[in-house]
Amino acid sequence: MIKSFYPPLRTLMGPGPSDVHPRVLAAMAKPTIGHLDPAFIGMMDEVKQLLQYALRTENPLTMPVSAPGSAGMEACFVNLVEPGDKVIVCQNGVFGGRMKENVERFGGTALMVEDAWGTAVSIEKVRALMEQHDDIKALAFVHAETSTGVCSDARALCRLAQDYGCLTIVDAVTSLGGVELEVDQWGIDALYSGTQKCLSAPPGISPVTFSERALDKVRQRTSRTPSWFLDKTLVMGYWGGGQKRAYHHTAPVNTLYGLHEALVMLQEEGIENAWQRHALHHRALRDGLEAMGLQMAVAADIRLPQLNSVTIPEGVDDAQLRSQLLESYGLEIGAGLGALAGKVWRIGLMGSSCTRRHVMLCLDALENTLLEQGADIHSGRASAAAAAAYTNPEQ
Ligand SMILES: *Cc1c(COP(=O)(O)O)cnc(C)c1O
(Lines give C-alpha, C1' and ligand atoms only; values in the text may rest on other atoms or scores of the structure.)
Protein backbone atom coordinates (compact mmCIF):
# COMPACT_ATOMS: atom_id res chain seq x y z
CA MET A 1 0.00 0.00 0.00
CA ILE A 2 1.22 3.49 -0.83
CA LYS A 3 1.72 5.57 2.32
CA SER A 4 1.30 9.28 3.03
CA PHE A 5 3.93 11.53 1.51
CA TYR A 6 6.21 13.45 3.85
CA PRO A 7 8.57 15.80 2.03
CA PRO A 8 12.12 15.98 3.37
CA LEU A 9 13.09 19.13 5.24
CA ARG A 10 14.77 21.48 2.75
CA THR A 11 16.19 24.96 2.65
CA LEU A 12 15.25 26.42 -0.73
CA MET A 13 17.88 28.73 -2.22
CA GLY A 14 17.37 28.08 -5.90
CA PRO A 15 15.46 30.02 -8.56
CA GLY A 16 12.10 29.21 -6.91
CA PRO A 17 10.11 27.97 -5.17
CA SER A 18 11.48 29.71 -2.10
CA ASP A 19 10.87 28.66 1.50
CA VAL A 20 7.23 29.12 2.47
CA HIS A 21 6.79 30.67 5.91
CA PRO A 22 4.96 28.56 8.54
CA ARG A 23 2.32 31.30 8.79
CA VAL A 24 1.54 30.79 5.10
CA LEU A 25 1.48 27.01 5.42
CA ALA A 26 -0.85 27.31 8.42
CA ALA A 27 -3.15 29.61 6.45
CA MET A 28 -3.40 26.97 3.72
CA ALA A 29 -4.52 24.34 6.23
CA LYS A 30 -7.64 26.38 7.13
CA PRO A 31 -11.00 24.87 6.15
CA THR A 32 -11.91 24.92 2.49
CA ILE A 33 -15.07 26.93 1.83
CA GLY A 34 -17.07 27.52 -1.32
CA HIS A 35 -15.43 29.82 -3.84
CA LEU A 36 -18.64 31.86 -4.12
CA ASP A 37 -19.15 31.98 -0.34
CA PRO A 38 -19.51 35.64 0.74
CA ALA A 39 -16.64 35.13 3.20
CA PHE A 40 -14.39 33.91 0.40
CA ILE A 41 -15.39 36.78 -1.86
CA GLY A 42 -14.40 39.19 0.92
CA MET A 43 -10.99 37.52 1.08
CA MET A 44 -10.63 37.73 -2.71
CA ASP A 45 -11.17 41.47 -2.53
CA GLU A 46 -8.41 41.69 0.07
CA VAL A 47 -6.04 39.65 -2.12
CA LYS A 48 -6.71 42.11 -4.92
CA GLN A 49 -6.03 45.11 -2.67
CA LEU A 50 -2.85 43.51 -1.34
CA LEU A 51 -1.65 42.81 -4.88
CA GLN A 52 -2.31 46.43 -5.81
CA TYR A 53 -0.17 47.39 -2.81
CA ALA A 54 2.67 45.04 -3.77
CA LEU A 55 2.59 46.09 -7.44
CA ARG A 56 2.20 49.79 -6.61
CA THR A 57 -0.83 50.16 -8.84
CA GLU A 58 -4.42 51.27 -8.74
CA ASN A 59 -5.34 49.21 -11.81
CA PRO A 60 -8.82 47.76 -11.19
CA LEU A 61 -7.80 44.76 -13.31
CA THR A 62 -5.32 43.32 -10.84
CA MET A 63 -5.93 39.69 -10.02
CA PRO A 64 -4.32 36.33 -9.45
CA VAL A 65 -4.59 33.94 -12.39
CA SER A 66 -5.32 30.43 -11.07
CA ALA A 67 -2.21 28.85 -12.56
CA PRO A 68 1.58 29.37 -12.45
CA GLY A 69 3.61 32.28 -13.83
CA SER A 70 3.67 30.75 -17.30
CA ALA A 71 -0.13 31.05 -17.43
CA GLY A 72 0.10 34.69 -16.34
CA MET A 73 2.43 35.16 -19.29
CA GLU A 74 -0.08 33.58 -21.65
CA ALA A 75 -2.86 35.68 -20.14
CA CYS A 76 -0.97 38.84 -21.13
CA PHE A 77 -0.05 37.74 -24.65
CA VAL A 78 -3.29 35.98 -25.58
CA ASN A 79 -5.34 39.06 -24.70
CA LEU A 80 -3.02 41.72 -26.10
CA VAL A 81 -1.60 40.18 -29.28
CA GLU A 82 -3.80 39.91 -32.34
CA PRO A 83 -2.87 38.25 -35.63
CA GLY A 84 -0.55 40.55 -37.57
CA ASP A 85 0.56 42.60 -34.54
CA LYS A 86 4.24 43.48 -34.39
CA VAL A 87 5.71 43.05 -30.92
CA ILE A 88 9.29 43.82 -29.92
CA VAL A 89 10.50 40.98 -27.71
CA CYS A 90 13.72 41.42 -25.75
CA GLN A 91 15.67 38.28 -25.03
CA ASN A 92 18.67 38.07 -22.70
CA GLY A 93 17.96 34.67 -21.17
CA VAL A 94 15.44 31.81 -21.11
CA PHE A 95 12.26 33.70 -20.40
CA GLY A 96 12.39 36.18 -23.29
CA GLY A 97 12.38 33.12 -25.59
CA ARG A 98 9.06 32.07 -24.13
CA MET A 99 7.64 35.52 -24.83
CA LYS A 100 8.61 35.07 -28.48
CA GLU A 101 6.79 31.70 -28.53
CA ASN A 102 3.69 33.37 -27.14
CA VAL A 103 3.67 36.22 -29.67
CA GLU A 104 4.07 33.80 -32.58
CA ARG A 105 1.50 31.29 -31.36
CA PHE A 106 -1.10 34.04 -31.15
CA GLY A 107 -0.39 35.14 -34.71
CA GLY A 108 1.84 38.12 -34.01
CA THR A 109 5.28 38.91 -35.42
CA ALA A 110 8.07 39.00 -32.85
CA LEU A 111 10.82 41.48 -33.65
CA MET A 112 13.72 40.28 -31.53
CA VAL A 113 16.20 42.37 -29.58
CA GLU A 114 18.80 39.88 -28.45
CA ASP A 115 21.44 40.51 -25.84
CA ALA A 116 24.02 38.12 -24.46
CA TRP A 117 23.01 35.96 -21.50
CA GLY A 118 24.25 37.69 -18.37
CA THR A 119 23.80 41.21 -19.78
CA ALA A 120 20.82 43.56 -19.55
CA VAL A 121 18.37 44.43 -22.33
CA SER A 122 19.94 47.14 -24.49
CA ILE A 123 17.79 50.27 -24.48
CA GLU A 124 19.59 51.56 -27.57
CA LYS A 125 18.81 48.46 -29.62
CA VAL A 126 15.14 48.73 -28.65
CA ARG A 127 15.12 52.40 -29.60
CA ALA A 128 16.74 51.65 -32.98
CA LEU A 129 14.06 49.06 -33.77
CA MET A 130 11.29 51.46 -32.77
CA GLU A 131 12.79 54.05 -35.10
CA GLN A 132 12.69 51.54 -37.99
CA HIS A 133 9.05 50.52 -37.56
CA ASP A 134 6.15 52.84 -36.94
CA ASP A 135 3.60 50.10 -36.32
CA ILE A 136 4.90 48.38 -33.18
CA LYS A 137 2.00 47.37 -30.95
CA ALA A 138 3.88 46.32 -27.82
CA LEU A 139 7.28 46.01 -26.19
CA ALA A 140 7.78 42.84 -24.13
CA PHE A 141 10.69 42.22 -21.79
CA VAL A 142 11.72 40.38 -18.63
CA HIS A 143 12.44 42.68 -15.70
CA ALA A 144 14.37 40.13 -13.61
CA GLU A 145 15.89 37.36 -15.75
CA THR A 146 15.98 34.40 -13.39
CA SER A 147 18.02 32.29 -15.79
CA THR A 148 21.00 34.64 -15.46
CA GLY A 149 20.44 36.91 -12.44
CA VAL A 150 20.21 40.14 -14.44
CA CYS A 151 17.92 43.10 -13.76
CA SER A 152 17.02 45.18 -16.81
CA ASP A 153 16.03 48.84 -16.60
CA ALA A 154 12.25 48.48 -16.65
CA ARG A 155 11.66 52.16 -15.96
CA ALA A 156 13.70 53.27 -19.00
CA LEU A 157 12.17 50.61 -21.27
CA CYS A 158 8.65 51.70 -20.29
CA ARG A 159 9.48 55.36 -20.91
CA LEU A 160 10.79 54.42 -24.35
CA ALA A 161 7.60 52.49 -25.16
CA GLN A 162 5.52 55.50 -24.13
CA ASP A 163 7.61 57.81 -26.33
CA TYR A 164 6.83 55.57 -29.29
CA GLY A 165 3.22 54.97 -28.34
CA CYS A 166 3.25 51.23 -27.76
CA LEU A 167 2.12 49.04 -24.88
CA THR A 168 4.49 47.29 -22.47
CA ILE A 169 4.22 43.65 -21.40
CA VAL A 170 6.51 42.95 -18.45
CA ASP A 171 7.60 39.66 -16.88
CA ALA A 172 7.95 40.48 -13.17
CA VAL A 173 7.85 36.89 -11.91
CA THR A 174 11.10 37.19 -9.99
CA SER A 175 11.23 40.95 -9.49
CA LEU A 176 7.99 41.40 -7.51
CA GLY A 177 8.87 41.79 -3.82
CA GLY A 178 12.65 41.59 -4.38
CA VAL A 179 13.56 44.79 -6.21
CA GLU A 180 11.85 48.10 -6.88
CA LEU A 181 8.84 47.68 -9.15
CA GLU A 182 6.42 50.55 -9.82
CA VAL A 183 3.56 49.64 -12.14
CA ASP A 184 1.77 53.01 -12.19
CA GLN A 185 4.78 55.29 -11.88
CA TRP A 186 6.68 53.53 -14.66
CA GLY A 187 3.57 53.19 -16.81
CA ILE A 188 3.61 49.40 -17.20
CA ASP A 189 0.57 48.25 -19.23
CA ALA A 190 0.47 44.51 -18.64
CA LEU A 191 2.45 42.57 -16.09
CA TYR A 192 2.53 39.01 -14.84
CA SER A 193 4.29 37.65 -11.80
CA GLY A 194 4.53 34.52 -9.69
CA THR A 195 3.90 33.58 -6.08
CA GLN A 196 6.78 31.18 -5.46
CA LYS A 197 9.68 33.57 -5.87
CA CYS A 198 10.00 36.71 -3.72
CA LEU A 199 6.44 36.52 -2.36
CA SER A 200 7.24 33.08 -0.86
CA ALA A 201 3.70 31.82 -1.30
CA PRO A 202 3.06 28.36 -2.71
CA PRO A 203 3.50 27.92 -6.48
CA GLY A 204 0.53 27.79 -8.80
CA ILE A 205 -0.81 31.35 -8.87
CA SER A 206 0.15 34.23 -11.13
CA PRO A 207 -0.65 37.83 -10.16
CA VAL A 208 -1.49 39.85 -13.26
CA THR A 209 -2.32 43.52 -13.77
CA PHE A 210 -3.59 45.43 -16.85
CA SER A 211 -3.63 49.20 -17.24
CA GLU A 212 -6.58 51.09 -18.75
CA ARG A 213 -4.60 51.37 -22.03
CA ALA A 214 -4.12 47.60 -22.10
CA LEU A 215 -7.83 47.07 -21.44
CA ASP A 216 -8.66 49.41 -24.33
CA LYS A 217 -6.57 47.21 -26.60
CA VAL A 218 -8.46 44.14 -25.35
CA ARG A 219 -11.83 45.86 -25.94
CA GLN A 220 -10.82 46.93 -29.44
CA ARG A 221 -9.85 43.45 -30.57
CA THR A 222 -11.32 42.53 -33.93
CA SER A 223 -10.78 38.80 -33.37
CA ARG A 224 -11.93 36.77 -30.39
CA THR A 225 -9.29 36.03 -27.72
CA PRO A 226 -8.25 32.47 -28.64
CA SER A 227 -8.22 31.26 -25.01
CA TRP A 228 -11.49 30.88 -23.13
CA PHE A 229 -9.89 30.37 -19.70
CA LEU A 230 -7.53 33.34 -19.91
CA ASP A 231 -9.90 35.78 -21.64
CA LYS A 232 -9.70 38.80 -19.34
CA THR A 233 -13.16 40.07 -20.22
CA LEU A 234 -14.62 36.79 -18.90
CA VAL A 235 -12.39 36.33 -15.84
CA MET A 236 -13.24 39.84 -14.68
CA GLY A 237 -16.84 38.76 -14.19
CA TYR A 238 -15.49 36.55 -11.44
CA TRP A 239 -12.67 38.66 -9.98
CA GLY A 240 -14.20 42.08 -10.55
CA GLY A 241 -17.90 41.47 -10.10
CA GLY A 242 -18.18 42.47 -6.43
CA GLN A 243 -20.94 40.54 -4.63
CA LYS A 244 -22.53 39.70 -7.99
CA ARG A 245 -19.63 37.47 -8.86
CA ALA A 246 -20.40 34.95 -11.59
CA TYR A 247 -18.95 31.46 -11.76
CA HIS A 248 -16.03 31.27 -14.15
CA HIS A 249 -13.82 28.53 -12.70
CA THR A 250 -13.29 27.14 -9.22
CA ALA A 251 -10.58 29.23 -7.59
CA PRO A 252 -7.79 27.31 -5.79
CA VAL A 253 -9.31 28.24 -2.42
CA ASN A 254 -6.57 27.10 -0.03
CA THR A 255 -3.71 28.28 -2.23
CA LEU A 256 -5.31 31.72 -2.21
CA TYR A 257 -5.43 31.62 1.61
CA GLY A 258 -1.68 31.11 1.40
CA LEU A 259 -1.17 33.99 -1.03
CA HIS A 260 -3.34 36.23 1.18
CA GLU A 261 -1.17 35.48 4.23
CA ALA A 262 2.10 35.96 2.31
CA LEU A 263 0.85 39.35 1.10
CA VAL A 264 -0.29 40.31 4.61
CA MET A 265 3.26 39.54 5.78
CA LEU A 266 4.69 41.67 2.97
CA GLN A 267 2.44 44.55 3.95
CA GLU A 268 3.45 44.20 7.61
CA GLU A 269 7.12 44.39 6.62
CA GLY A 270 6.53 47.18 4.10
CA ILE A 271 7.42 46.66 0.45
CA GLU A 272 10.33 49.10 0.51
CA ASN A 273 11.76 47.33 3.55
CA ALA A 274 11.49 44.04 1.66
CA TRP A 275 13.54 45.52 -1.21
CA GLN A 276 16.16 46.70 1.30
CA ARG A 277 16.25 43.32 3.01
CA HIS A 278 17.00 41.63 -0.31
CA ALA A 279 19.81 44.13 -0.98
CA LEU A 280 21.32 43.65 2.49
CA HIS A 281 21.46 39.85 2.41
CA HIS A 282 22.71 39.91 -1.17
CA ARG A 283 25.68 42.05 -0.09
CA ALA A 284 26.49 39.68 2.78
CA LEU A 285 26.29 36.62 0.50
CA ARG A 286 28.41 38.32 -2.16
CA ASP A 287 31.08 39.34 0.38
CA GLY A 288 31.20 35.80 1.75
CA LEU A 289 31.45 34.21 -1.70
CA GLU A 290 34.16 36.63 -2.82
CA ALA A 291 36.12 36.10 0.40
CA MET A 292 36.06 32.40 -0.43
CA GLY A 293 37.58 33.27 -3.82
CA LEU A 294 34.44 32.69 -5.90
CA GLN A 295 33.30 35.15 -8.55
CA MET A 296 29.91 36.67 -9.21
CA ALA A 297 29.00 36.01 -12.86
CA VAL A 298 27.00 39.21 -13.46
CA ALA A 299 28.28 42.82 -13.45
CA ALA A 300 27.56 44.64 -10.17
CA ASP A 301 25.30 47.35 -11.60
CA ILE A 302 22.80 44.91 -13.14
CA ARG A 303 22.86 42.16 -10.51
CA LEU A 304 19.65 40.91 -9.00
CA PRO A 305 19.94 40.64 -5.21
CA GLN A 306 17.42 37.78 -5.15
CA LEU A 307 19.19 35.60 -7.76
CA ASN A 308 22.95 35.33 -7.50
CA SER A 309 24.81 33.74 -10.40
CA VAL A 310 28.18 32.47 -9.23
CA THR A 311 30.87 31.15 -11.57
CA ILE A 312 31.65 27.49 -10.92
CA PRO A 313 35.39 27.17 -10.26
CA GLU A 314 37.56 25.03 -12.54
CA GLY A 315 37.54 21.33 -11.84
CA VAL A 316 34.42 21.29 -9.67
CA ASP A 317 31.78 18.68 -10.46
CA ASP A 318 28.64 20.80 -10.62
CA ALA A 319 26.00 18.06 -10.36
CA GLN A 320 27.85 16.21 -7.62
CA LEU A 321 28.29 19.35 -5.56
CA ARG A 322 24.61 20.24 -5.78
CA SER A 323 23.48 16.76 -4.83
CA GLN A 324 25.90 16.78 -1.89
CA LEU A 325 24.46 20.09 -0.69
CA LEU A 326 21.01 18.53 -0.86
CA GLU A 327 22.00 15.32 0.90
CA SER A 328 24.27 16.71 3.61
CA TYR A 329 22.63 20.06 4.30
CA GLY A 330 19.12 19.75 2.87
CA LEU A 331 20.11 22.81 0.83
CA GLU A 332 18.85 23.40 -2.69
CA ILE A 333 20.66 25.82 -5.00
CA GLY A 334 19.99 26.22 -8.71
CA ALA A 335 21.95 24.90 -11.67
CA GLY A 336 22.80 27.09 -14.65
CA LEU A 337 20.23 27.12 -17.45
CA GLY A 338 20.66 27.05 -21.22
CA ALA A 339 23.83 28.87 -22.28
CA LEU A 340 24.98 28.96 -18.64
CA ALA A 341 24.44 25.26 -17.81
CA GLY A 342 27.51 23.87 -16.06
CA LYS A 343 29.06 27.34 -15.89
CA VAL A 344 27.22 28.96 -12.96
CA TRP A 345 25.20 28.21 -9.86
CA ARG A 346 22.12 30.26 -9.20
CA ILE A 347 21.73 31.04 -5.53
CA GLY A 348 18.34 32.44 -4.65
CA LEU A 349 17.68 34.83 -1.79
CA MET A 350 13.96 35.17 -2.36
CA GLY A 351 11.32 36.25 0.13
CA SER A 352 11.38 33.98 3.19
CA SER A 353 14.64 32.49 1.89
CA CYS A 354 16.29 35.89 2.22
CA THR A 355 17.55 35.94 5.82
CA ARG A 356 20.89 35.93 7.60
CA ARG A 357 20.30 32.30 8.53
CA HIS A 358 20.08 31.38 4.85
CA VAL A 359 23.18 33.35 3.90
CA MET A 360 25.29 31.78 6.66
CA LEU A 361 24.07 28.24 6.02
CA CYS A 362 24.75 28.56 2.31
CA LEU A 363 28.28 29.92 2.75
CA ASP A 364 29.13 27.27 5.30
CA ALA A 365 27.69 24.41 3.26
CA LEU A 366 29.27 25.60 0.02
CA GLU A 367 32.69 26.11 1.59
CA ASN A 368 32.78 22.68 3.23
CA THR A 369 31.49 20.90 0.14
CA LEU A 370 33.95 22.66 -2.16
CA LEU A 371 36.82 21.79 0.18
CA GLU A 372 35.72 18.15 0.20
CA GLN A 373 35.94 18.21 -3.60
CA GLY A 374 39.46 19.60 -3.34
CA ALA A 375 38.55 22.95 -4.90
CA ASP A 376 41.12 25.73 -4.67
CA ILE A 377 39.27 28.19 -2.42
CA HIS A 378 40.14 30.22 0.66
CA SER A 379 38.91 28.41 3.72
CA GLY A 380 37.73 30.07 6.92
CA ARG A 381 37.10 33.58 5.56
CA ALA A 382 33.57 33.57 4.17
CA SER A 383 31.42 33.75 7.27
CA ALA A 384 33.51 36.54 8.82
CA ALA A 385 33.21 38.54 5.60
CA ALA A 386 29.44 38.06 5.55
CA ALA A 387 29.15 38.93 9.24
CA ALA A 388 31.11 42.13 8.58
CA ALA A 389 28.60 43.08 5.87
CA TYR A 390 25.87 42.98 8.51
CA THR A 391 27.70 45.20 10.98
CA ASN A 392 28.65 47.58 8.18
CA PRO A 393 25.48 47.47 6.13
CA GLU A 394 25.91 50.51 3.90
CA GLN A 395 28.49 49.14 1.47
C1 LIG B 1 9.81 31.24 -12.74
C2 LIG B 1 9.67 32.19 -13.86
C3 LIG B 1 8.65 32.10 -14.82
C4 LIG B 1 7.68 30.95 -14.86
O5 LIG B 1 6.92 30.82 -13.72
P6 LIG B 1 6.21 29.41 -13.43
O7 LIG B 1 5.44 29.70 -12.17
O8 LIG B 1 7.30 28.43 -13.27
O9 LIG B 1 5.33 29.10 -14.57
C10 LIG B 1 8.57 33.07 -15.79
N11 LIG B 1 9.45 34.09 -15.85
C12 LIG B 1 10.46 34.21 -14.96
C13 LIG B 1 11.40 35.37 -15.08
C14 LIG B 1 10.60 33.26 -13.94
O15 LIG B 1 11.61 33.38 -13.07
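Everything in this summary refers to the structure shown in the same document.

What counts, and at which threshold
Residues numbered from 1 in each chain as written. Predicted model: local features only at pLDDT ≥ 70, side-chain atom pairs only at ≥ 80, totals over all residues. Heavy atoms only, no water. Pairing = 2+ DSSP bridges. Helix = DSSP H or I, 4+ residues; strand = E, 2+ residues; numbered from the N terminus. Contact = heavy atoms within 4.5 Å. Axes fitted to C-alpha atoms, helices over the stretch in contact; angles between N-to-C directions. Disulfide = S-S within 2.5 Å. Buried < 20%, exposed > 50% of the residue type's maximum accessible area, 1.4 Å probe, protein only. Arc of directions from axis to C-beta. Patch = residues over 30% accessible without salt bridge, like charges linked within 9 Å, V, L, I, M, F, W, Y side chains within 5 Å. Areas by Shrake-Rupley, 256 points an atom, 1.4 Å probe, with all protein chains shown as cover. Salt bridge = Lys/Arg side-chain N within 4 Å of Asp/Glu carboxyl O.

Turning our eyes to something else, we now look at the sheet that holds strand β12 (residues 307-311). The mixed open sheet is built from 5 strands, whose spatial order is β1-β13-β14-β12-β11. Here the strands that pair on one side only, and so sit at the sheet edges, are β1 (11-13) and β11 (295-296). With 3 bridges joining them, β1 and strand β13 (residues 331-335) adopt parallel strand pairing. Bridge pairing in β13 links leucine 12 to glutamate 332. Contacts from helix α12 (residues 318-329) reach β13 and β14 (344-348), with the element oriented near 160° to β13.

Our focus in this paragraph is the state of the cysteines. Taken as a whole, this structure holds 0 disulfides when the rule is applied. For cysteine 166, which is in no disulfide, the shortest distance to another cysteine sulfur is to cysteine 158 and amounts to 9.8 Å. Judged by relative accessible area, cysteine 166 falls into the buried class, the value being 2%. With no disulfide of its own, cysteine 362 lies 12 Å from the sulfur of cysteine 354, the closest cysteine sulfur.

Let us now look at helix α9 (residues 232-239). Taken together, the buried positions of α9 are occupied by Lys232, Val235, Tyr238 and Trp239. Projection of α9 onto a plane perpendicular to its axis shows the buried side chains occupying an angular sector of 110°, all on one side. In this structure, the buried residues of α9 make contact with α2 (38-55), β2 (61-65), α3 (69-80), β10 (206-210) and α10 (253-269).

A surface patch of nonpolar side chains, amounting to about 300 Å² of accessible area, comprises Trp228, Phe229 and Leu234. For phenylalanine 229, the location among the structural elements is in the loop between α8 (212-219) and α9.

Our focus in this paragraph is unusual backbone geometry. For residues that are not glycine, phi is negative in most cases, and the peptide bond is trans in most cases. Put simply, glycine 16 and proline 17 share a cis peptide bond, and its omega is 0°. With a phi close to 55°, arginine 56 is a non-glycine residue in the positive phi region. The residue arginine 56 is located in the loop between α2 and β2 in this model. Note on arginine 56: relative accessible area 24%, which makes it partly exposed. Residue serine 200 is not a glycine yet carries a positive backbone phi of 55°. Among the structural elements, serine 200 can be located in the loop between β9 (190-192) and β10.

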